[in-house]
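Here's the letter readout for the chains.
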Amino acid sequence: MNTIGHNLKLTVYGESHGKSIGAVLDGLPSGEYLDWDEVKKEMARRAPGKNTLSTSRKEGDVFDVQSGYFNDATTGTPLAVMIENTNTRSEDYDELRHLMRPGHADYTGKVRYDGYNDYRGGGHFSGRLTAPLVFAGAVASQILARRGIYVGSHILQIHDVQDRPFNPVHEELSLLLFLKNMTLPLLDETRTEAMEEAVAVAKSRQDSVGGIIEGIVTGMPAGYGDPLFDSVESRLAQMLFSVPAVKGIEFGDGFALAAMTGSESNDSFYYDKDGTVKTRTNHNGGINGGITNGMPLVFRTVIKATASIGQEQQTVDTDSGKDTTLIIKGRHDPCIVQRAVSVIEAATAWTVLDILLTRGDL
């Protein structure tokens with residue numbers, strides 16, 4: 001299924017080397033002004049070809065809004081966007097019709113679609129499809145910001161180099177906005193050189209590295225989300241796991257909670273000076289019973305190393321039915337973590353807006 005959402009639905013279409021990619025955003029509130037320059041900035045954060053940390057493929061990600069916006073405001077009807085693919089080298093992928101790339105969806109996609117899948121550049125499985133997702137998230141972020149809700153993130157880890165984590169109880173909005181302007185968004189900028197070096201070493205070895213992105217949502221009121229199947233964790237996890245290369249998610253202290261006692265992991269409540277209920281700690285990431293408690297939503301996503309590497313790898317040839325080896329050609333990221341930051345933020349913003357609309361409060 002290429003559509004996700006409850007009251008707010010997002011449909012994504014296209015292939016990496018097709019004519020275009022795009023999305024239909026259905027259920028947006030009417031009367032919302034959108035700053036298209038801000039949307040372009042978010043698209044530019046994800047776009048490739050800006051530095052040696054990413055692929056040399058350059059896509060302008062120029063978007064064309066087809067419907068749903070009139071007289072400087074959303075109409076409330078579906079907002080459709082198209083993004084042309086302008087820099088493709090499909091010949092790099094000719095042999096991948098029958099030589100399966102390890103770590104990619106070539107084999108599973110071929111089996112799933114009986115060999116009719118578009119394999120060029122990964123087709124519909126490509127990270128290229130995150131561009132319309134970033135567009136949708138950029139739209140959602142502006143609507144959320146008018147309600148005092150903000151999504152931010154930083155690179156917590158690349159390979160074995162780590163940044164410091166967010167303060168789970170409170171982070172200033174100015175910091176979240178500052179991070180959006182950084183090529184490598186880090187809380188401890190002294191770690192920049194070490195992270196860049198880790199990527200450079202992997203690139204020199206025709207290899208790649210992954211990492212962890214930590215996200216935070218501030219200003220989220222208490223009482224949103226539903227227990228069991230539509231918990232806030234469930235909704236966010238479904239969307240975040242739809243982002244290519246995401247292989248793990250944790251909320252709050254996540255897996256570290258396994259080593260904590262109840263007295264350590266419980267977040268004690270108190271009234272602040274304004275009479276608002278808060279917690280003194282935030283081990284549970286701002287969520288109790290699948291419902292927001294008014295504290296920041298804090299989560300981390302694991303991004304695996306880019307599957308396309310220049311080293312010779314063992315694989316299979318589905319034409320001959322024999323084992324073989326493969327050296328992947330083309331232009332690929334030695335690390336996608338820095339580009340994935342904007343994608344994780346976008347996926348989060350879209351889902352949070354959908355959760356808010358579920359209660360009909362906008």
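For clarity, every value in this text was computed on a predicted model and none was experimentally measured.

### Here we look at the sheet that holds strand 3 (residues 20-26)
Then, number 1: Taken in spatial order, the five strands of this open sheet run 1-2-3-5-4, and their pairing is antiparallel. Sheet topology places strand 1 (3-4) and strand 4 (63-67) at the edges, where each strand pairs with a single neighbour.
Then, number 2: The pairing of strand 4 with strand 5 (residues 79-84) spans four bridges and is antiparallel. Following the sheet pairing, phenylalanine 63 is matched in strand 5 by isoleucine 83.
Then, number 3: Here helix 3 (residues 130-145) sits on the sheet in contact with strand 2 (9-14), strand 3, strand 4 and strand 5, set at roughly 30 degrees to strand 3.

### Comments concerning helix 5 (residues 192-204)
Because an α-helix completes one turn every 3.6 residues, residues spaced three or four positions apart along the sequence face the same direction.
Then, number 1: If you check helix 5, its first and last C-alpha atoms are 18 Å apart, about what 13 residues at 1.5 Å a residue would give, namely 18 Å.
Then, number 2: Regarding helix 5, the residues found buried are Met195, Ala198, Val199 and Ala202. Angular distribution of buried residues about the axis of helix 5 spans 90 degrees; they occupy a single face of the element. Among the exposed residues of helix 5, those oriented more than 90 degrees off its buried face are Glu193 and Ser204.
Then, number 3: Looking at the packing, one finds that the buried side of helix 5 touches strand 6 (150-158) and strand 7 (161-162).
Then, number 4: Positive phi shows up at glutamine 206, right after helix 5, with a value of about 55 degrees.

### Here's the deal with the UniProt feature "binding site: FMN" (unreviewed entry) in the protein chain
Then, number 1: Look at the UniProt record and you will see "binding site: FMN" (unreviewed entry) annotated at His124, Phe125, Ser126, Gly289, Lys304, Ala305, Thr306, Ala307, Ser308 and Arg331. For the annotated residues, spread through 208 residues, the largest C-alpha to C-alpha distance comes to 44.4 Å, inconsistent with a single compact locus.
Then, number 2: Position of histidine 124 relative to the elements: it lies in the loop between helix 2 (106-112) and helix 3.
Then, number 3: Histidine 124 sits in the partly exposed class, given a relative accessible area of 31%.
Then, number 4: Excluding residues within four positions of it along the chain, histidine 124 makes contact with Asn2, Val12, Tyr13, Gly14, Glu15, Asp118 and Leu129.
Then, number 5: Reaching out from histidine 124, the side chain makes a polar contact with the side chain of asparagine 2 at a distance of 2.8 Å.

### Let's talk about the sheet that holds strand 8 (residues 211-218)
Then, number 1: Strand order in the open sheet formed by five strands is 7-6-8-14-9, and the pairing between neighbours is antiparallel. The sheet is open, and its two borders are formed by strand 7 and strand 9 (246-251), each paired with just one other strand.
Then, number 2: The sheet contact formed by strand 8 and strand 14 (residues 297-303) spans seven bridges and is antiparallel. Bridging from a neighbouring strand, valine 217 pairs with leucine 297 of strand 14.
Then, number 3: This element, helix 6 (residues 232-240), spans strand 9 and strand 14 of the sheet and lies at about 160 degrees to strand 9.
Then, number 4: This element, helix 8 (residues 337-358), spans strand 6, strand 8, strand 9 and strand 14 of the sheet and lies at about 145 degrees to strand 6.

Here is what the cut-offs are and how they apply
Each residue is numbered by its place in its chain's sequence as written, counting from 1. In view of the model being predicted, local features appear only for residues whose pLDDT reaches at least 70, and side-chain atom pairs are presented and counted only at 80 or more, with totals across whole chains, interfaces and linings using the full set of residues. The basis for every side-chain value is the complete set of non-hydrogen atoms in the structure, without hydrogens or water. When DSSP locates at least two bridges between a pair of strands, those strands are taken to pair. Helix and strand labels come from DSSP, where a helix needs a run of H or I of at least four residues and a strand needs a run of E of at least two; each type is numbered from the N terminus. Every residue pair with non-hydrogen atoms within 4.5 Å of one another is taken to be in contact. Only the stretch in contact is used when fitting a helix axis, every axis being a line fitted to C-alpha atoms; angles between N-to-C directions are given from 0 to 180 degrees. For a helix, the expected span equals 1.5 Å multiplied by the residue count minus one. Type-normalised accessible area, obtained with a 1.4 Å probe on protein chains alone, sets the label of each residue: buried when under 20%, exposed when over 50%, and partly exposed for intermediate values. Taking the helix axis as origin, the arc is that swept by the directions to the C-beta atoms. UniProt positions are given in the numbering used here, feature names are shortened, and annotations may be inferred rather than shown by experiment. Residues adjacent in sequence count toward polar contacts only when both atoms are side-chain atoms; beyond that, a polar contact is any pair of N or O atoms within 3.5 Å, and within protein one must be able to donate a hydrogen and the other to accept it.

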